[in-house]
Amino acid sequence: MAKTGTTTQGLRAAIERSGYYPALVAEAVEAAVGGEPVASYLVHQETTFDSNEVRRHVTVLALTATRFIVSHTDEQAADGTSPSPYATTSTESVRLERISSVVLSRVVANPEAYTRGTQPREVVLTIGWGAVNRIDLEPAACGDPNCEADHGYTGSATADDLSLRVSEAGDGPDSVRQTLAFAQALSEATVVAAKNR
């Protein structure tokens, strides 16, 4: 479930409420944040089904005056590398001026009756800063169905560093609202960072 707020203490409380290895997650996030005050945050826990296993993972996003911090923790079952279950936590700290895109996709029911301020039933927050780029290629073709010439390739490049899907049905309306608030805070912070370059 997503949680957002405006204080470092609030971030710690949201991590505790998620119940997902809170000591491990909090230590990793606090180390990445360092001494900077947290302006906004989002804690998103997700459960996925992998074959016959249920896996949980949590993503924590934190915004400071100068950086965007993303932390992700996954749990793993015992395997050939470890006789007992284990968790992997990674954090990345990104300077705000490196954020190249903040994309917020909104899904609304009954768009013909939409009124300003109505909350979407689902949002997808995608943030790009150039760490991961995906290139989708396919053979290019011309309009002639009998043409056998090689027209090379066509495709698109997409910044795909982080994408979170939050839905009213799966996460609750508060989680959608909190994701919208974090997306707005991050968008506003990137504008300020761009002006200060």
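Everything numeric in this text was worked out from a predicted model, so none of it was measured.

J.: So what exactly am I meant to see when it comes to the packing of helix α1 (residues 8-18) against helix α2 (residues 22-33) here?
T.: The description of two helices packed together rests on the angle between their axes and the distance between the axes. Put simply, α1 and α2 touch, their axes get as near as 9 Å, and they point 150° apart. Regarding the angle of α1 to α2, the classification is roughly antiparallel. Here the hand of the crossing between α1 and α2 comes out right-handed. Residues Leu11, Arg12, Ile15 and Glu16 of α1 form the contact with α2, whose participating residues are Pro22, Val25, Ala26, Val29 and Glu30.

J.: Is there a simple way to think about the sheet that holds strand β9 (residues 162-167) in this case?
T.: Pairing between the strands of a sheet comes from backbone hydrogen bonds, and it takes one of two forms, parallel or antiparallel. A sheet is described by the order of its strands in space; here three strands give the open sequence β5-β6-β9, paired in antiparallel fashion. With partners counted over all chains shown, the strands left at the sheet margins are β5 (101-107) and β9, one partner each. Here the strands of the sheet are splayed against their neighbours by 10° on average, with no regard to which way each runs. With seven bridges joining them, β5 and strand β6 (residues 122-128) adopt antiparallel strand pairing. Paired with Val102 across the two strands is Ile127, which belongs to β6.

J.: Sorry if this is basic, but what is going on with unusual backbone geometry here?
T.: A negative phi angle characterises most non-glycine residues, just as the trans form characterises most peptide bonds. Within the chain, Tyr21 stands out as a residue other than glycine whose phi angle is a positive 40°. Inspection of the secondary structure assignment puts Tyr21 in the loop between α1 and α2. Classification of Tyr21 by relative accessible area gives partly exposed; the value is 35%.

J.: What's the story with α2 in this structure? I'm lost.
T.: An α-helical turn contains 3.6 residues, so any two residues separated by three or four positions project in the same direction. When the terminal C-alpha atoms of α2 are compared, their 16 Å separation across twelve residues agrees well with the 16 Å that a helix rising 1.5 Å per residue should span. Taken together, the buried positions of α2 are Val25, Ala26, Ala28, Val29, Ala32 and Val33. Down the axis, α2 shows its buried residues gathered within 165° of arc, on one side only. Among the exposed residues of α2, those oriented more than 90 degrees off its buried face are Ala23, Glu27 and Ala31. Looking at the buried side of α2, the elements it contacts are α1, β2 (53-63), β3 (67-76) and β4 (86-95). Directly beyond the C-terminal end of α2, a positive phi value near 65° is found at Gly34.

J.: Hey, could you run me through the environment of Tyr114 in this one?
T.: Assignment of secondary structure puts Tyr114 in the loop between β5 and β6. Separated by 37 residues in the primary sequence, Tyr114 and His151 have C-alpha atoms spaced 44 Å apart.

J.: Teacher, can you tell me more about the packing of aromatic side chains here?
T.: We describe a pair of aromatic rings using the distance from one ring centre to the other and the angle between the two ring planes. If you walk through the whole model with that rule in mind, you get three aromatic pairs. Note on Tyr20 and Tyr21: the rings are 4.8 Å apart at their centroids and 65° apart in plane angle, and the pair reads as edge-to-face. Of the residues examined, Tyr20 reaches a relative accessible area of 0% and is grouped as buried. Judged by centre distance (6.4 Å) and plane angle (45°), the rings of Phe68 and Phe182 are tilted. A residue pair is termed long-range when its members are at least 10 positions apart, and Phe68 in strand β3 and Phe182 in helix α4 (residues 173-195) qualify at 114 residues. Each of the two residues, Phe68 as well as Phe182, counts as buried. Taken together through their ring pairs, the aromatic side chains of Phe68, Trp129 and Phe182 make up a single cluster. It is Arg56 that lies over the ring of Tyr21; its NZ or CZ is 5.6 Å from the centre.

What counts and what doesn't
Residues numbered from 1 in each chain as written. Predicted model: local features only at pLDDT ≥ 70, side-chain atom pairs only at ≥ 80, totals over all residues. Heavy atoms only, no water. Axes fitted to C-alpha atoms, helices over the stretch in contact; angles between N-to-C directions. Helix = DSSP H or I, 4+ residues; strand = E, 2+ residues; numbered from the N terminus. Parallel < 35°, antiparallel > 145°, perpendicular 65-115°, else oblique. Left-handed = near helix turned anticlockwise from the far one by under 90°. Contact = heavy atoms within 4.5 Å. Pairing = 2+ DSSP bridges. Buried < 20%, exposed > 50% of the residue type's maximum accessible area, 1.4 Å probe, protein only. Expected span 1.5 Å × (residues − 1). Arc of directions from axis to C-beta. Phe/Tyr/Trp six-rings, centres within 6.5 Å; stacked < 30°, edge-to-face > 60°. Lys NZ or Arg CZ within 6 Å of the ring centre and 35° of its normal.

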